[in-house]
Amino acid sequence: MKTSINTILGAAFAVALASTTSFAAHAADYEWKFQSSDTAGTPTFEIDTEWTKRVEEMTNGRIKIELLPVGAIVEHSETQDAIAAGILDGHITDVSYFSGKDPAFSLIANPIGAWADPQQMFRFMNYGGGNELMNKLEGPYGLHFIGATTPGLESFVSTVPINGVADLKGLKVRAPEGMVQEVFAAAGAAPVNIPQSEVYTSLDKKVIDAADATVFATNQAMGLNDIAKYPVYPGFHSMPLVEVSMNKEKWDALPKDLQAILTVSVRDLSQDLVSRLQMKDREAVAADLKKGDIHISNWSDDERAKFRQIAMKQWKKVAERSANAEEVYQTLIKYLTSQGLLN
């Protein structure tokens, strides 16, 4: 039995039309602008940018995210308000920057001394109640928390030798907003609030002596190790919660499959970021040591324990400042106790 060319063409047209209609139904054009708290060209920013390209591939082009560097549209501490107002669609940023709105942000962002490695924090966020806390905290500000990342346990850049807690006394140190500053102050340092983008200039002009910046490799990429030749590595002080969050109304309007893809993609980003930055850290340390003009300090267990005891006293103080902070504190303590991490 023969089929006419008109029948074949008609069937082909119908299939093409159905395919086009199906694509149109599922290919809503989600083009978003996210702002990072990192400087363009740093390893962290480059890895985060690769994530945006994976999202585009994973969603078959249905979501396209343009990632902008720190300060591109608003200041680093203003991205939350910008997302709520629709100026930005989302951000990848240190949660500490919003500590002024609720001390709970400060405690969940960086409970100094709580985490010895990134996986401890990821388990808390994914399985210990952390994700739920973040969405409870951010919902009233018009944001949805997609997931947690971190660059890992940070190095500590310094223009002077820092071999233990006693050396922090009187030290002018850059530290982000919130509890990080309070812990350094309690340890005898003099914390200064400046964005990461100004750390190099501030160290160079001796406005500060040291900085809580980021991981060793990224510090090196920003040139910090060239002017602050006494880094502490591995760091003793900080492993920040870096959130990937977006406008809640836009999140809620997404199809469930795209919500699931974004959630899984951020979990993948978190592991990608930690693994690759740890590799870069080791390469950067070897390169700096080979040059011979840098002096790396690795604090003893006793000195790290002293600093943690100072930090834990600040956890409790922060918890007393709001109901949300108390809930974060109790959830954190419950998790750390259950995992034997308070010893």
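Just so we're clear, the structure is a prediction, and the values are computed from it rather than from any experiment.

Considering a negative patch on the surface
Inference 1: Among the surface-exposed residues, Asp29, Glu31, Glu56 and Glu57 lie close enough to one another that they form a single negatively charged patch.
Inference 2: By the secondary structure assignment, glutamate 56 is in helix α2 (residues 43-58).

Some thoughts on the side chain of aspartate 94
Inference 1: Checked against the element boundaries, aspartate 94 lands in strand β3 (residues 90-94).
Inference 2: For the buried aspartate 94, no salt bridge is present, and the opposite-charge side chain at shortest range is arginine 174, 6.6 Å distant.
Inference 3: A distance of 2.8 Å separates a polar side-chain atom of aspartate 94 from the backbone nitrogen of serine 96.
Inference 4: Beyond its immediate sequence surroundings of up to four residues, aspartate 94 is in contact with Ser37, Ala109, Pro176, Pro240, Leu241 and Val242.

Some thoughts on the sheet that holds strand β8 (residues 210-211)
Inference 1: Sheet architecture is open: 4 strands sit in the order β5-β8-β6-β7, paired in mixed fashion. Bordering the open sheet on either side are β5 (157-158) and β7 (190-192), each of which pairs with just one other strand.
Inference 2: Here strand β6 (residues 172-174) pairs with β7 via 3 bridges, running parallel. Among the inter-strand pairings, arginine 174 is bridged to a residue of β7, identified as valine 192.

As for the packing of helix α7 (residues 179-186) against helix α13 (residues 301-319)
Inference 1: Where α7 contacts α13, the axes come no closer than 9 Å and their chain directions differ by 130°. In terms of orientation, α7 and α13 fall into the oblique class. Pair α7 / α13 crosses with right-handed handedness. Across from Met179, Glu182, Val183, Phe184 and Ala186 in α7, the residues of α13 making contact are Phe307, Ile310, Ala311, Gln314, Trp315 and Val318.
Inference 2: Considering only residue class, the contact of α7 with α13 consists of 9 nonpolar, 1 polar and 1 charged.

Analysis parameters
Residues numbered from 1 in each chain as written. Predicted model: local features only at pLDDT ≥ 70, side-chain atom pairs only at ≥ 80, totals over all residues. Heavy atoms only, no water. Patch = residues over 30% accessible without salt bridge, like charges linked within 9 Å, V, L, I, M, F, W, Y side chains within 5 Å. Areas by Shrake-Rupley, 256 points an atom, 1.4 Å probe, with all protein chains shown as cover. Salt bridge = Lys/Arg side-chain N within 4 Å of Asp/Glu carboxyl O. Lys, Arg positive; Asp, Glu negative; His and termini not counted. Charge placed at Lys NZ, Arg CZ, Asp CG, Glu CD. Helix = DSSP H or I, 4+ residues; strand = E, 2+ residues; numbered from the N terminus. Buried < 20%, exposed > 50% of the residue type's maximum accessible area, 1.4 Å probe, protein only. Polar contact = N/O pair within 3.5 Å; in protein donor to acceptor, adjacent residues only side chain to side chain. Contact = heavy atoms within 4.5 Å. Pairing = 2+ DSSP bridges. Axes fitted to C-alpha atoms, helices over the stretch in contact; angles between N-to-C directions. Parallel < 35°, antiparallel > 145°, perpendicular 65-115°, else oblique. Left-handed = near helix turned anticlockwise from the far one by under 90°. Nonpolar A, V, L, I, M, F, W, Y, C, P; charged D, E, K, R; others polar.

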